[in-house]
Amino acid sequence: MGYVIATANMKGGVGKTTLTVNLATCLAKNHGKRVLVLDLDSQISATLSLMSPLDFAKRRKQSKTFRYLIDEVINPVPQAKLTIQDIIQSQVCNLPGLDLLPGDIDLYDEFVVSEMLHQQATALGEQDFETIWNRFERVLVNNILKPIRQEYDFILLDCAPGYNLLTRSALAASDFYILPAKPEPLSVVGIQLLERRIAQLKDSHGHETKIDIKMLGIVFSMSSANLLTGRYYKQVMHRVVEDFGVEKICKVQIPVDVNVAKAVDSFMPAVLNAPQSAGSKAFFQLTQELLQKL
């Protein structure tokens, strides 16, 4: 069985999706791994980093997005028309070993989920609604992935910013998480908030099934070329080292590189679109570093 790794930060705009898709591509292209990217963000940035909007629109029309699998959990029918294998897009960007489970701009309705769980609690005579909710949180992403978990060396979960149901469920289903960040005070707040939330997640589920997710590393991407020499940068990095220890901070940092941003226009990751760029070389090195950590 391979690794399930979530990419998460409470703050947006820190490079989660860019890290996820480039790391996945490096694992498949340079290390011969079988990799699945699951897009859990309704902004569908990971999906549109690996396929064109036209291809996505066709798949959405055929119900071949992650939304269909969630609908199957929330409103199960006796004979599901599509399996997870039907929905996964294999060899995205024409790269053998790189697969995508496309996200959706309309992933789920929290009210519908609450209503379903309330009905379950009533039917079971369960007084503690929190227990029912936690159980659902723990199994939602985990059960969806169960049929294909053995088929991949890595399943990378691109989480939305914040801390919604899908992010919590993704963290509960993962072996590790990677924390992308920028060396800026607000980004560090996002790290601290996520750490606190994960501690609460483990604590709230501890009496039933232990959640054993571990931090794989904090990956910094530079927000400006001048940042490395600035007093701000040093203060922020000192704070992160104090809080998490130097061993949790990845040595490889992602530099400012216009090629990484422009790659989105070609609907493929920078490591395929501009493999000789500084950003792509950093992603190659980061992938090696993370493999060594594992």
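Keep in mind that what you see is a predicted model, and the values were worked out from it rather than measured. (Residues numbered from 1 in each chain as written. Predicted model: local features only at pLDDT ≥ 70, side-chain atom pairs only at ≥ 80, totals over all residues. Heavy atoms only, no water.)

Glancing now at the layout of surface pockets. Size it by volume and the largest pocket reaches roughly 630 Å³. Around the largest pocket, the lining comprises 36 residues; the ones closest to its centre are Val14, Gly15, Lys16, Thr17 and Thr18. Among the elements of the structure, helix H1 (16-31), strand E5 (176-181) and helix H11 (258-262) are those that each provide at least two residues to the lining of the largest pocket. Take the lining of the largest pocket: its biggest share by element is six residues, from H1. Space inside the second largest pocket adds up to approximately 270 Å³. Leu69, Glu72, Val73, Leu82, Thr83, Ile84, Gln85, Val139, Leu140, Asn143, Ile144 and Pro147 are the residues that line the second largest pocket. Secondary structure elements with two or more residues in the lining of the second largest pocket: helix H4 (66-74), helix H5 (84-87) and helix H7 (129-145). Of the residues forming the lining of the second largest pocket, the biggest block, four residues, is contributed by H7. Of the residues contributing to the lining of the second largest pocket, the split by class is eight nonpolar, three polar and one charged. (1 Å grid on protein atoms, 1.4 Å probe; cavity = no way out; pocket = protein on both sides within 12 Å on 5 of 7 lines; lining within 4 Å. Points joined across faces, edges and corners; volume = space filled by probe spheres on them. Helix = DSSP H or I, 4+ residues; strand = E, 2+ residues; numbered from the N terminus. Nonpolar A, V, L, I, M, F, W, Y, C, P; charged D, E, K, R; others polar.)

With that settled, the discussion passes to the UniProt feature "domain: AAA" (unreviewed entry) in the chain. UniProt's entry tags residues 4-205 with the feature "domain: AAA" (unreviewed entry), counted in the numbering of this structure. Along residues 4-205, the helical share is 51% and the strand share 12%, with 19 Å between the first and last C-alpha atoms. (UniProt positions renumbered as here; feature names shortened; annotations may be inferred.)

Looking at where Tyr68 falls in the secondary structure, it is placed in helix H4. What makes Tyr68 buried here is its relative accessible area of 13%. A sequence separation of 48 residues divides Tyr68 from Met116, and the C-alpha atoms of the two residues are 17 Å apart. Setting aside chain neighbours within four positions, we find Tyr68 in contact with Ser63, Ala80, Lys81, Leu82 and Ile87. Engagement of the side chain of Tyr68 in a polar contact is seen with the backbone nitrogen of Lys81, the distance being 3.1 Å. (Buried < 20%, exposed > 50% of the residue type's maximum accessible area, 1.4 Å probe, protein only. Contact = heavy atoms within 4.5 Å. Polar contact = N/O pair within 3.5 Å; in protein donor to acceptor, adjacent residues only side chain to side chain.)

Our next topic: the packing of helix H6 (residues 110-124) against H7. Two numbers describe how H6 lies on H7: the axes approach to 10 Å, and their chain directions differ by 120°. Between H6 and H7, the crossing angle belongs to the class labelled oblique. The handedness of the crossing between H6 and H7 is right-handed. Of H7, the residues touching H6 (which contributes Glu110, Val113, Ser114, Met116, Leu117, His118, Gln120, Ala121 and Leu124) are Phe129, Ile132, Trp133 and Phe136. Classifying every residue of the contact of H6 with H7 by side-chain character gives nine nonpolar, three polar and one charged. (Axes fitted to C-alpha atoms, helices over the stretch in contact; angles between N-to-C directions. Parallel < 35°, antiparallel > 145°, perpendicular 65-115°, else oblique. Left-handed = near helix turned anticlockwise from the far one by under 90°.)

Turning our attention to the pattern of salt bridges. Tallied over the entire structure, the rule returns eight salt bridges. A salt bridge links Arg34 to Asp99; its shortest N-O distance comes to 2.8 Å. Residue Arg34 is located in the loop between H1 and strand E2 (35-39), and its partner Asp99 is located in strand E3 (residues 98-101); the two are separated by 65 residues in the primary sequence. With a relative accessible area of 3%, Asp99 lands in the buried category. With a closest N to O distance of 3.3 Å, Asp212 and Lys214 form a salt bridge. Residue class for Lys214 comes out partly exposed when judged on its relative accessible area of 43%. Residues joined by salt bridges that share partners form a network here, namely Arg67, Asp71 and Asp106. (Salt bridge = Lys/Arg side-chain N within 4 Å of Asp/Glu carboxyl O.)

Our next topic: the sheet that holds strand E4 (residues 154-158). Neighbouring strands of a sheet are bound in pairs by backbone hydrogen bonds; such pairs are parallel or else antiparallel. With respect to topology, six strands assemble into an open sheet ordered E3-E2-E4-E1-E5-E6, the strand pairing being parallel. Two strands in the sheet have a free side with no partner beyond their single neighbour: E3 and strand E6 (214-220). Sheet twist, expressed as the average angle between the axes of neighbouring strands with direction ignored, equals 20°. Of the pairings in the sheet, the one linking strand E1 (residues 3-7) to E5 comprises three bridges and is parallel in character. Considered in E5, the bridge of Ile5 is made with Phe176. (Pairing = 2+ DSSP bridges.)

Glancing now at empty space enclosed by the protein. To locate leftover empty space, one rolls a probe as large as a water molecule over the atoms. Enumeration over the complete set of coordinates arrives at one cavity of 30 Å³ or more. Taken as a whole, the largest cavity spans an internal volume of roughly 50 Å³. Ile5, Leu23, Leu27, Phe154, Leu156, Ile178, Leu216, Thr287, Leu290, Leu291 and Leu294 are the residues that line the largest cavity. The dominant element in the lining of the largest cavity, judged by the number of residues it contributes, is helix H13 (residues 278-293), at three residues. Residue composition of the lining of the largest cavity, by class: ten nonpolar, one polar and no charged.

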